[in-house]
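Below are the chains, spelled out letter by letter.
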Amino acid sequence: MRKLLSLCLVLLALGRGGLLAQNGRITGKVTDQDNAALPGVSILISGTSQGTVTDGEGNYVINAPGDGSLVFSFIGYETQTVAIGNRSVIDIKLAQGSRSLDELVVVGYGTQKKTDVTGALSVVSTREFSQQPITRLDQVLQGRAAGVQVTQSNGAPGGDSKVRVRGANSVLGNNDPLYVIDGFVGANYNLLNPNDIESLQVLKDAASTSIYGSRGANGVIIITTKKGSKGIKVSYEGQGSVSNVIKKFDILPAGEFAEIVNARAAATGSNAPFTQAQVDDFKKNGGTDWQDLVYRKGSGQQHQVTVSGGNEKTSFLISGNYVNQKGIVNNSGFKRYVLRTNLTTQINKNLALRLNLSGAKTANHNTDGGGALIEALQWAPTTPAYGADGQPTFADPTGSVSRSPLDHLYDKSIDTERMNINAIGGLTYQLPINGLSLDLQYAINYLDAQNKNFNGKRLSNNNPNATRYSSDQVTLQNTNALNYTRTFGNHSITAVAVLETQQFTDKNFTATANGLRFPQLGYDNIGGNSAATVNSGFSKWTLLSLLGRVNYAFKDKYLVTAAIRRDGSSKFSEDNRNSVFPSVALGWRLSEEEFIKNLNVFSNLKLRGSWGKTGSQAINPYATLSPYNSTQVGFNNTGVTAGVIQGNQGNKNLKWETTTQTDVGIEMEFLNGRLHFEADYFNKSTTDLLLNVQLPNYAGGGTQPRNVGEIKNTGFEFAIGGTPIEKGKFSWETNLNLSTLKNEVVSLGGLPRLGTGTGAGGGMSITNEFMLMPGQPLGSYWGLKYLGTFKPNEADIAAKQGRVPGDPHYEDVNGDNAITTDDFQIVGHAFPKLTGGWNNTFTYSGLTLNVFFQGAFGVDKLNYTRAGAMSGSGEARQFLLTEIRDYYREGNTDSDIPAFTKTYQPFTQSSRFVENGSFVRLKNVSLAYNLPSSVFKDKANVRIFASATNLLTITKYTGPDPETSNVGSSTDTAIGIDRGSYPNAKVYTLGVTLGF
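Each value, and the rule that gives it
- Residues numbered from 1 in each chain as written.
- Predicted model: local features only at pLDDT ≥ 70, side-chain atom pairs only at ≥ 80, totals over all residues.
- Heavy atoms only, no water.
- Helix = DSSP H or I, 4+ residues; strand = E, 2+ residues; numbered from the N terminus.
- Rg over C-alpha atoms; globule rule 2.2 N^0.38 Å.
- Buried < 20%, exposed > 50% of the residue type's maximum accessible area, 1.4 Å probe, protein only.
- Contact = heavy atoms within 4.5 Å.
- Areas by Shrake-Rupley, 256 points an atom, 1.4 Å probe, with all protein chains shown as cover.
- Lys, Arg positive; Asp, Glu negative; His and termini not counted.
- Charge placed at Lys NZ, Arg CZ, Asp CG, Glu CD.
- Phe/Tyr/Trp six-rings, centres within 6.5 Å; stacked < 30°, edge-to-face > 60°.
- Lys NZ or Arg CZ within 6 Å of the ring centre and 35° of its normal.
- Polar contact = N/O pair within 3.5 Å; in protein donor to acceptor, adjacent residues only side chain to side chain.
- Pairing = 2+ DSSP bridges.
- Core = buried A, V, L, I, M, F, W, Y, C linked by side-chain atoms within 4.5 Å.
- Axes fitted to C-alpha atoms, helices over the stretch in contact; angles between N-to-C directions.
- Parallel < 35°, antiparallel > 145°, perpendicular 65-115°, else oblique.
- Nonpolar A, V, L, I, M, F, W, Y, C, P; charged D, E, K, R; others polar.
- Salt bridge = Lys/Arg side-chain N within 4 Å of Asp/Glu carboxyl O.

1. Here's the deal with the overall build of the protein
Link 1 in the chain: Across its full length, the protein holds eleven helices and 52 strands.
Link 2 in the chain: Against the compact-globule benchmark of 30 Å for 996 residues, the protein has a radius of gyration of 31 Å, which places it among compact chains.
Link 3 in the chain: Taken along the three principal axes of its C-alpha coordinates, the protein extends 100 × 70 × 65 Å.
Link 4 in the chain: A buried classification covers 53% of the 996 residues belonging to the protein.
Link 5 in the chain: When contacts within the protein are restricted to residue pairs at least 6 apart in sequence, long-range pairs at least 24 apart make up 69% of them.
Link 6 in the chain: Total accessible area computed for the protein in this model is approximately 42,000 Å², and 55% of it derives from carbon and sulfur atoms.
Link 7 in the chain: Seen as two clouds, the 90 positive and the 82 negative side-chain charges of the protein have centres 6 Å apart.

Written out as structure tokens, the structure reads:
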């Protein structure tokens, strides 16, 4: 790193030496139309990346050649380019203007002026997150785009996030949006360095996403990475952080816990586990705080070096990024290394070449949460953490029947490593026909995935075991595009025609070994074992696509966009292989009409509407075939013989899931772009829904995928923002977005309901935790309705169920006086009904304050972590949370916390533990100071900053974090369960940015 930085500084010195030859010192002041000083105005030497900014009084100093020009730019004002003409003093007055009118946005396979866009898209400006310590793309998206819901489902460093654009469409398929990075379709966003982002657009409606056909149903996120510019520029950013858990559960102190255990024993006729002397000793000396042993103060560091430059024809950018984070749970962490090189060159006036190379490596260690966090709320505070031999206590005599939290921390390794290499090369050639160009691009992406798991002797009950999984994935893509742009009087046309191919290949290998003879070697030597299984796999799919789009504008106010795409996928049988996805959108820029112009209110006013179809390949590559699976069977006690058995039946009639979406929107801008408002209504329906349907035994049993369902998503989106205050040294820029969502299962192909589970319950669920039902949304919790406790006047009702007052009271749906799975019903919904974000940037002279809020409302969470600590049965034998203080007993019969009785029978899969998961979170507060450039004689820009992330959370949820879930991010039929999920952390960061 030092050698690279030294080389960069040498290049910088050489470059600046040439560029600043014969430069002169120029001073001046920048003001607005009212002669008020404008601080923070950007001033660049034209054709270079060198420049400065005005100070708090609007003054500036810069060295520039006398025959050159200066470019003055500031948000909300017209950019001015001024010839120097050998002057030493240049004062400038900037005029207000709406820069957004000419803003270019990236759409599928091209760009458009923002005002000409007829589809629904959200632009996330780098200004909105540049003031925050961002390390991943999901942090960029969270709360910043209407209609985009980002849930940090795993709060661990490098943990999973769930990103959804306008809800979820599929049951079997992945509902993640499609990521397109520098034209590569299907990129892995986890391996992208956010500091490399130049622009980011979210395509939401069918008119925008249908150009991606069979993969556009879940929305499309298009990212363009940074390029170099003329001159040499070097920048470095470094930051360090510390982190803490947001909140812990309130656990009974050891002495009070012992008293509660004794009280329960007395009520049920058992012997008291603790003597009074022991109780007194616990009250005096305390016990074990298992949460304190599991959690720690986390830390992190991030370093970014970027070198860019170029001349009139060629530009380059090289960036390197390193992230190292230690999680708030002991023995957990994350590392990431990213290197990127972007090169562009103009060979001649007709031919341009580009090459983007990137490599990334990530490593997650024990970032799953799970066991340690669960057991910290089940092991008794009266049990010592360590025995006389200095080893963790092996068994808890009072609380949990499982292994110690310390064993879950230190006697296992769960390591996930990813190595990704991506190469994109392309050329653009201007053909002899005016306005016609050809763009060719080739891309290859290689991913090496390694999953390595190990459980030691203690955690595995003297059966140490390990698993190694290895996967090589190669994706090839070729995109050939013809672009045509012409203007004929009042008519303008932009068209594109594309032929695209993509091929994906996966080769994988898995080995699992039990009874390791040398467990100290972990998963790195699994050859010595008492039993092992080995599996390997191969899969491949290809996609051939033809697409076209035409944008037409008349007088720049009547807009029409029509697009069509035909996809052919190898995943389907020949008869259903191809599908067509059309779309059409209309726009009317009323602000260009005279009767609107005469109002002198709007700088932009546009109505737009769209309709279109997109698709989803929600099946694996061989779902149309009936597979045979390998197995091992013992015959006549003579050993194990390998063989094959028939798997689930395939279905050659499978076809694409199809999503049809209608969108109506309005866009408004006022005060020359200083205030803007946008609203959308969308209605999208997914038909031919792919579901695994249970087959009767006479048909072979198992399940078979079929197209038999429909899901609907509807909602409203609102975005408002601008610069309400911009006076003198002070400015305030704000952006607020709100989105509503109603998700509904319309049909299951005649099935009344279909249960789905997660396995997350850890024995706490007695049937599927979720149920798909027509009229209900995805992610509907399935359980018993908790009515509180049986009260004294309900003794007769309780007796019919074999219960007594104080026992848990559940609704007996079928009235048979027995609580069974027949009494289960929908008890909550895991999809939020409203999400939003509010970003504010305050600037005063060289100071910048950023305040960002994020929230979700109308959402439920099934808190199995709390349920385990309050069940007093099964794996957790006692009650540990302080809320047990209010349990039902004589003198406290109004309580809904069950009494200590012999007939006590809890059901954790009930509405008792379905909690309100709504929250408002102060996601980020950052304060930055740009040192005056004069301090470094205009040769460097220095910015120092401090920030706090997740500083404040307002919620009724009793767990540490209302966002996280240990279900994972790939499914939407089963979401929101908290069973020892790794929580997000409060993070405090200090950093510095240097620019040369």
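2. Some words on unusual backbone geometry
Link 1 in the chain: Positioned with a positive phi, Asn600 is a non-glycine residue whose angle comes to about 55 degrees.
Link 2 in the chain: Considering the arrangement of structural elements, one finds Asn600 in the loop between helix H9 (594-597) and strand S29 (602-616).
Link 3 in the chain: Exposure remark for Asn600: the relative accessible area of 70% places this residue in the exposed category.
Link 4 in the chain: Look at Asn672: it is not a glycine, yet its phi comes out positive at around 55 degrees.
Link 5 in the chain: Residue Asn672 is classed as partly exposed on the basis of its relative accessible area, which comes to 39%.

3. Thoughts on the environment of Ala265
Link 1 in the chain: Inspection of the secondary structure assignment puts Ala265 in helix H4 (residues 254-267).
Link 2 in the chain: Measuring from C-alpha to C-alpha, the distance between Ala265 and Phe852 comes to 51 Å, with 587 residues separating the pair along the chain.
Link 3 in the chain: In this view, Ala265 contacts Ser270, Asn271, Ala272 and Pro273; residues no more than four positions away in its chain are not counted.

4. Quick notes on the packing of aromatic side chains
Link 1 in the chain: Taken as a whole and judged by the stated rule, the model has 22 aromatic pairs.
Link 2 in the chain: In textbook terms, an aromatic cluster arises when at least three aromatic residues are bridged by ring pairs, as seen for Phe879, Tyr887, Phe900 and Tyr904.
Link 3 in the chain: A cation over a ring is seen here: Arg403 above Phe394, with NZ or CZ 4.2 Å from the ring centre.
Link 4 in the chain: Directly above the aromatic system of Tyr957 lies the positively charged group of Lys861, at a separation of 5.7 Å from the ring centroid.

5. Observations regarding the side chain of Gln142
Link 1 in the chain: Here Gln142 lies in the loop between helix H2 (137-141) and strand S11 (148-151).
Link 2 in the chain: Here Gln142 falls in the buried class, since its relative accessible area comes to 3%.
Link 3 in the chain: Side-chain polar atoms of Gln142 contact the backbone oxygen of Val150, separated by 3.0 Å.
Link 4 in the chain: In terms of polar contacts, Gln142 uses its side chain to reach the side chain of Lys923, at 3.3 Å.

6. Regarding the pairing of strand S20 (residues 333-346)
Link 1 in the chain: Bridge count between strand S19 (residues 314-326) and S20: 13 bridges; the pairing is antiparallel. Within S20, the residue paired with Tyr322 across the bridge is Tyr337.
Link 2 in the chain: Between S19 and S20, which pair antiparallel one after the other, the connecting turn spans six residues, and Asn331 there sits at a positive phi close to 60 degrees.
Link 3 in the chain: Strand direction decides the pairing type here: S20 and strand S21 (residues 351-365), joined by 14 bridges, are antiparallel. Each bridged residue has a counterpart across the sheet, and for Tyr337 the counterpart in S21 is Lys361.
Link 4 in the chain: In this structure, the hairpin formed by S20 and S21 is closed by a connection of four residues.

7. Considerations on the nonpolar core
Link 1 in the chain: Ranked by internal contacts, the top residues of the largest apolar core, which has 47 residues, are Val171, Leu778, Tyr781, Leu862, Met870 and Ile884.
Link 2 in the chain: If you tally residues by element for this core, the top one is H4, at five residues.
Link 3 in the chain: Excluding anything up to four places from it in sequence, Val171 contacts Leu689, Leu690, Leu691, Ile711, Leu772, Leu778 and Thr973.
Link 4 in the chain: Listed in part, the 24 residues of the second largest apolar core include Phe129, Phe184, Tyr189 and Ile223.

8. Considering the sheet that holds strand S51 (residues 977-978)
Link 1 in the chain: Within the open sheet, the three strands sit side by side as S48-S47-S51. Their pairing is mixed. Of all the strands in the sheet, the pair left with one neighbour each is strand S48 (914-916) and S51.
Link 2 in the chain: Two elements, strand S47 (residues 860-863) and S48, share three bridges in a ladder whose sense is antiparallel. Note that in S48 the partner of Leu862 across the bridge is Val914.
Link 3 in the chain: Along the sheet, helix H11 (residues 864-871) makes contact with S47, S48 and S51, crossing S47 at roughly 40 degrees.

9. Describing the packing of H4 against helix H5 (residues 276-285)
Link 1 in the chain: Following both chains from N to C, one finds H4 and H5 inclined at 155 degrees, their axes separated by 7 Å at the closest point. As judged from the angle between their axes, H4 and H5 are roughly antiparallel. Note on element contacts: H5 touches H4 through Val279, Phe282 and Lys283, opposite Ala254, Gly255, Ala258, Glu259 and Asn262.
Link 2 in the chain: Looking at the contact of H4 with H5 residue by residue, the classes come out as four nonpolar, two polar and two charged.

10. Some words on H11
Link 1 in the chain: Extensive coverage of H11 is indicated by the burial of eight of its eight residues.
Link 2 in the chain: Within the sequence span of H11, burial applies to Tyr864, Thr865, Arg866, Ala867, Gly868, Ala869, Met870 and Ser871.
Link 3 in the chain: In this structure, the buried side of H11 is in contact with S47, S48 and S51.
Link 4 in the chain: Its side-chain oxygen at 3.3 Å from the backbone nitrogen of Thr865, Asn863 defines the N-terminal cap of H11.
Link 5 in the chain: Looking at the residues trailing H11, positive phi occurs at Gly872, about 60 degrees.

11. Quick look at the sheet that holds strand S16 (residues 220-225)
Strand pairing in a sheet relies on backbone hydrogen bonds. The paired strands run either parallel or antiparallel.
Link 1 in the chain: Across the sheet, which stays open at both edges, the five strands sit in the order S10-S15-S16-S13-S14 with mixed pairing between neighbours. Of all strands in the sheet, those bounded by a partner on one side alone are strand S10 (121-123) and strand S14 (184-185).
Link 2 in the chain: Note that S10 and strand S15 (residues 197-203) share three bridges and pair antiparallel. When the bridges of S15 are listed, Leu121 appears paired with Leu203.

12. So, the pattern of salt bridges
Link 1 in the chain: On inspection of all chains with the given rule, the structure shows 36 salt bridges.
Link 2 in the chain: In this structure, the salt-bridge partner of Asp556 is Arg589, at a minimum N-O distance of 3.3 Å. With Asp556 in the loop between strand S26 (531-554) and strand S27 (558-569) and Arg589 in strand S28 (residues 578-589), this residue pair connects regions lying 33 residues apart in the sequence.
Link 3 in the chain: For Asp556, a relative accessible area of 27% gives the class partly exposed.
Link 4 in the chain: Arg589 sits in the buried class, given a relative accessible area of 4%.

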